[in-house]
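Summary of structural features
Here's the letter readout for the chains.
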Amino acid sequence: MTAESPFELPLPPAANPAVAIVTALTAAGHEAVLAGGCVRDLLLGQVPHDYDVATDAPPERICELFPKTRKVGMQFGVVLVKKQRRWHEVATYRSDGPYDDGRRPTSVTLSDARHDALRRDFTVNGMFLDPARRLVIDYVGGRADLDARIIRAIGNPDERFAEDHLRLLRAVRFAARLAFPIEPQTLAAIRKHAAALRRVAPERVLDELERMLSAPQRMAAWNLLGDCGLRDHLWPDVAWAPTEVDRIERHLPRLAPAAEFTTVLAVLLAERDPGEIARIARAAKWSNEQQGVVAWLVAHQADLDDPQAPTLADLKRLMAHPAFLALVELTRVRHADLADGTARDAALRTRTSAIAPDQVAPPPLVTGNDLLERGLAPGPLFKNVLDTLYTEQLDERLTARTAALTRLTTLLAERDATSSDGDP
Ligand code: ATP
Ligand code: MG
């Protein structure tokens, strides 16, 4: 099957460098087209985030034809070509050999456009665009499925998900992002292979999850993960209690469309204890930063439920954390469960906006040097005295250095009194 159909939409200026690559390849006697996701997005009237080129020119030839190239996946026939300050993926038409581990083909052979279309995952991702002739070249029925708005695996869905288990998550990501239902046989195959998700490298799962859950359509993605039976296989030994799922279904849609991935993870894992979060983070290969933010958000999620409850110092310490805005977001999400939630949000805003930015984490009035000068040796007590003084400073009970030093004298005297109490 091959179908060529006219492409009648304007190409955005962002397509120019990729089109220039196609033109250079065809001028050199090769076949070249725009491929995959960009064709899908252009046909939908959406903005592609990159433009990939597919060609019959072998990788060595691509490297000869362009001055700036980087070989990223020579074994897969992929070369990066720099054009107008951006790197573009230029891939030689290929067909994938057998997959033996559910991840990667054991071999790839350079091939023709039709086979290159057939090795792709979903029909809507399998189209080519010839920018010179302004034709969509479709070997997989992608245009019809795009018009019908469905996600359908190319070829035999059962085999395609058995070959590469990451496609299980990709199906969900595209279905959620485009708001397309998954075609019944494709859906049945996803359900059948769902448990194979456990065998996908955690880094690849993390990347897909980040993409689907950072997107505004995250709620659709979360629901689809459930419908497809993938949710229980995202992370080892993580099952979802019905009450937890209810809460997530209530909270997730309340997040701002642009909410960060870590904020979403904190919503998902809000009921989990620190040990379990640490275990998931390790198994799922989160970055230290991701783990730190999620753990902090979950630990402090309820701190602002009553905006008047934290002391000024506690509030400032929360505000000084890089994820404070995400905490405010989570607080807003939690407040929405309460009848007086809007009033609580307003009270929190009033309290935080009354704090001048330079008062959130001011330089300490008393430092370790002052303690050393008084003959105190570093240790738990040393730290304790500094913490007490800084807390009083954040609380604005100490506002000048002289007062703070006087307070230090008192603290040290109190300490001497207590320690001599204990003396025989
Ligand atoms: P996005 O806009 O999110 O980047 P995309 O369709 O461009 O979507 P990519 O992950 O960039 O997705 O992959 C580019 C193309 O490569 C896809 O459109 C698809 O044709 C093909 N592809 C990517 N991953 C796979 C896979 N695991 N199996 C088969 N084909 C794939
Ligand atoms: Mg892409």
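Further up the page is the structure itself.
Residues numbered from 1 in each chain as written. Chains lettered and ligands numbered in written order. Predicted model: local features only at pLDDT ≥ 70, side-chain atom pairs only at ≥ 80, totals over all residues. Heavy atoms only, no water.

1. A short note on the sheet that holds strand β3 (residues 52-55)
Strand order in the open sheet made by the 8 strands is β1-β10-β9-β2-β3-β6-β5-β4, with mixed pairing throughout. Edge positions in the sheet fall to β1 (3-6) and β4 (69-73), since each has one partner strand and no second. If you compare each strand with its neighbour and ignore which way they point, the axes differ by 35° on average. Sheet topology note: the β1/strand β10 (residues 135-138) ladder contains 4 bridges and is antiparallel. (Pairing = 2+ DSSP bridges. Helix = DSSP H or I, 4+ residues; strand = E, 2+ residues; numbered from the N terminus. Axes fitted to C-alpha atoms, helices over the stretch in contact; angles between N-to-C directions.)

2. So, helix α19 (residues 380-394)
With 15 residues, α19 should cover 21 Å at 1.5 Å per step; its first-to-last C-alpha distance of 21 Å lies within 8% of that length. What α19 keeps buried is the set F382, V385, L389, Y390, E392, Q393 and L394. Backbone geometry just downstream of α19 places E396 in the positive-phi region, at approximately 65°. (Expected span 1.5 Å × (residues − 1). Buried < 20%, exposed > 50% of the residue type's maximum accessible area, 1.4 Å probe, protein only.)

3. Thoughts on the packing of helix α15 (residues 312-319) against α19
Two elements in contact, α15 and α19, have axes separated by 7 Å at closest approach and are oriented at 95°. Looking at the two axes, α15 sits roughly perpendicular to α19. Note on element contacts: α19 touches α15 through D387, Y390, T391 and L394, opposite L312, A313, K316 and R317. In terms of residue class, the contact of α15 with α19 is made up of 4 nonpolar, 1 polar and 3 charged. (Parallel < 35°, antiparallel > 145°, perpendicular 65-115°, else oblique. Contact = heavy atoms within 4.5 Å. Nonpolar A, V, L, I, M, F, W, Y, C, P; charged D, E, K, R; others polar.)

4. Focus on the side chain of H30
Residue position: H30 is located in the loop between α1 (16-27) and β2 (32-35). Beyond its immediate stretch of four places on either side in the chain, H30 contacts L25, T55, D56, A57, P58, R61 and L65.

5. Some words on the environment of K82
Along the chain, K82 falls in strand β5 (residues 78-83). Taking the C-alpha atoms as reference points, K82 and F66, 16 residues apart in sequence, are found 8.2 Å from one another.

6. So, the environment of A194
Turning to its location among the elements, A194 is positioned in the loop between α8 (184-193) and α9 (202-214). According to the relative accessible area criterion, A194 is buried, its value standing at 3%. The residues contacting A194, other than those within four sequence positions of it, are L168, C228, G229, L230 and H233.

7. Here we look at the site of ligand 1
Inspection of the region around ligand 1 gives 17 residues, with R40, R167, R170, R173 and R177 positioned closest. Here a nitrogen atom of ligand 1 sits 2.8 Å away from a polar atom, N or O, in the side chain of D164. R177 places a side-chain nitrogen or oxygen 2.5 Å from an oxygen atom of ligand 1. For ligand 1, whose unbound accessible area comes to 590 Å², protein coverage reaches 84%. For the shell around ligand 1, the secondary-structure elements that each account for two or more residues are α2 (37-43) and α7 (166-178). Here the shell around ligand 1 takes 5 residues from α7, the largest share from any one element. Looking at side-chain class alone, the shell around ligand 1 contains 1 nonpolar, 4 polar and 12 charged residues. (Near = heavy atom within 4 Å. Polar contact = N/O pair within 3.5 Å; in protein donor to acceptor, adjacent residues only side chain to side chain. Areas by Shrake-Rupley, 256 points an atom, 1.4 Å probe, with all protein chains shown as cover.)

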